[in-house]
Amino acid sequence: MEPSFSVKSIAALYTSTFAEGFGNSERQAAARAVLRHDAHLDGTHYHARKPGGLHPSYAAFNSFVTTKDRSLSCEEFVEASLKDIFDSIAMQDRLDGGISIVIRCPGFKANTTPSPEEVALDLYVTPRELQESPARIGGDVSVLVQAFCEEFVVLHMERFMKHCQIEGIEAPHRFTSTRINLSELPHLPAPCDPAGARIQCSGYPKESFERDLASGLKSSTSSAAIRHATAQVSTGPRSTTQASVPRGTTQVFNPRGTTQVASPRTQIYRRRPADAFLAKPIVSGPLLVSIGPHTDTILDRFELGDEILPKLHTLTTTVHNTRWEENLRSLKWGLNYEQASKLNWALHADLQLGSGLRVSKI
């Protein structure tokens, strides 16, 4: 089966009869719109061309033989698609009066594990809100950018390069951009275009992030994230002498800056930029672990709250799967016939049980 998102399919759409009478930019925009239509609903998010490889769309788009009749290069198409994202979110903010933040980083060639200052992010913050509150929103977003670089991008790029090796694809190079500025306004670089809303920026070197917070910031800033991060650096974790720690145990520093004794299996806590958003201590309790994408879809469709998740985990671990639907229809669950039937199907699909159920579109 020919992948729909490939250079060949783009060229076919570009030269099709429906595009007659339109200019070059309109044809390209139409091709991109057709190819991305309902991509967030097509259920192929976890597909890969090879085990442990990349999504078929990436492989099809980046594995091709150069031809003379291409309407545009891969790099041009990727850039145009990225502009579509910023066009869409900007228009959505105008249509519904909302506020949005978009942070993304494309896959790029990294011979070694990248550090935050080597990562170039594409950023969108609703322009009007950023202009009206540059210190508060700009400061909060700058800390969020640093956390995104350290906690998401660095780990993702390690996996991405392994996927590229499996597929035999060489990722493109990407240049760094202007760093965020925690010590003074503006915290974020100016948009790429004076009249635009797309911002490109890079993070801080990981080792200098706390040093800059401690040396150059004032507690009077209106950014809650910067204030919280500065307070963490200023106070620091209180030390505990080795003699006061029982033998065979480990010191663990929690986000509140206090020290507690943990078992040998507990890892030492290391402060992260994301901790700046912890306004309250973490409350321990049972984790709400998703059973799978099919069950999540049914819960969202029927607006069933997260409180049902622990009950579903109990059901699937204590009741035989052939009696799940019967239990779900009982009065204690409060579900109607359709809800119980669909939820039963979703549980079997997520847990990959051979129930003999007929799979149909939900």
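Residues numbered from 1 in each chain as written. Predicted model: local features only at pLDDT ≥ 70, side-chain atom pairs only at ≥ 80, totals over all residues. Heavy atoms only, no water.

Asker: How do you make sense of the overall build of the protein chain when you look at a structure like this?
Answerer: Scanning the protein chain from N- to C-terminus turns up 12 helices and 5 strands. Buried positions account for 36% of the 362 residues belonging to the protein chain. Within the protein chain, residue pairs in contact and separated by at least 24 positions form 58% of the contacts whose partners lie at least 6 positions apart. For the protein chain, the exposed surface amounts to about 22,600 Å²; the carbon and sulfur share of it is 54%. (Helix = DSSP H or I, 4+ residues; strand = E, 2+ residues; numbered from the N terminus. Buried < 20%, exposed > 50% of the residue type's maximum accessible area, 1.4 Å probe, protein only. Contact = heavy atoms within 4.5 Å. Areas by Shrake-Rupley, 256 points an atom, 1.4 Å probe, with all protein chains shown as cover.)

Asker: What is the right way to look at helix α4 (residues 74-96) in this model?
Answerer: Owing to its 3.6 residues per turn, the α-helix brings residues three or four apart onto one side. Over its 23 residues, α4 runs 33 Å from end to end, which matches the ideal 33 Å to within 8%, given 1.5 Å per residue. Regarding α4, the residues found buried are C74, F77, A80, L82, D84, F86, I89, A90 and D93. (Expected span 1.5 Å × (residues − 1).)

Asker: What exactly am I supposed to notice about the side chain of N327 here?
Answerer: Relative to the helices and strands, N327 resides in helix α11 (residues 324-328). We classify N327 as buried; its relative accessible area is 17%. Only 2.8 Å separates the side chain of N327 from the backbone oxygen of R323, close enough to count as a polar contact. If we skip the residues at most four places from it in the chain, N327 touches L315, V319 and W333. (Polar contact = N/O pair within 3.5 Å; in protein donor to acceptor, adjacent residues only side chain to side chain.)

Asker: What exactly am I supposed to notice about the packing of helix α9 (residues 293-301) against helix α12 (residues 337-350) here?
Answerer: When two helices pack together, you describe them by how their axes are tilted relative to each other and by the distance separating the axes. Taken N-terminus to C-terminus, the directions of α9 and α12 make an angle of 160°; their axes are 7 Å apart at the nearest point. Comparing their axes, α12 and α9 come out roughly antiparallel. As α9 packs across α12, the resulting crossing turns out to be left-handed. Note on element contacts: α12 touches α9 through E338, K342, L343, W345, A346, L347, A349 and D350, opposite P293, H294, T295, I298, L299 and R301. (Axes fitted to C-alpha atoms, helices over the stretch in contact; angles between N-to-C directions. Parallel < 35°, antiparallel > 145°, perpendicular 65-115°, else oblique. Left-handed = near helix turned anticlockwise from the far one by under 90°.)

Asker: Can you walk me through the sheet that holds strand β2 (residues 121-125) in this structure?
Answerer: Adjacent strands of a sheet pair through backbone hydrogen bonds, lying either parallel or antiparallel. Spatially, β1-β2-β3 is the arrangement adopted by the 3 strands of the open sheet, whose pairing is antiparallel. The open sheet terminates on both sides in strands that have one partner only, identified here as β1 (101-104) and β3 (199-201). Looking at each pair of strands side by side, their axes are set apart by 25° on average, direction ignored. With 4 bridges connecting them, β1 and β2 associate as antiparallel partners. Across the sheet, residue I103 finds its bridge partner in β2, namely L123. Strand contacts of α4: β1 and β2, with the helix running at about 15° to β2, the strand carrying the most contacts. (Pairing = 2+ DSSP bridges.)

Asker: I keep staring at the nonpolar core and nothing clicks. Help me out?
Answerer: Burial of nonpolar side chains together is a common tendency in soluble globular proteins. Ranked by size, the top nonpolar core spans 32 residues in total, and within it L121, L123 and V145 carry the most contacts. Elements with a minimum of two residues in this core: β2, α6 (134-167) and β3. Looking at this core element by element, the count peaks at 11 residues for α6. (Core = buried A, V, L, I, M, F, W, Y, C linked by side-chain atoms within 4.5 Å.)

Asker: How should the packing of aromatic side chains be read in this particular structure?
Answerer: The geometry of an aromatic ring pair comes down to the distance between the two centres and the angle between the two planes. Tallying each qualifying case throughout the model produces 2 aromatic pairs. Consider the rings of F148 and F152, whose centres lie 5.4 Å apart with planes at 20°: the pair is stacked. Highlighted residues: F148 and F152, both in helix α6, separated by 4 residues, approximately one helical turn. The exposure class assigned to F152 is exposed, which follows from its relative accessible area of 52%. One cation-aromatic arrangement involves K311 over W333; the distance from NZ or CZ to the ring centre is 4.6 Å. (Phe/Tyr/Trp six-rings, centres within 6.5 Å; stacked < 30°, edge-to-face > 60°. Lys NZ or Arg CZ within 6 Å of the ring centre and 35° of its normal.)

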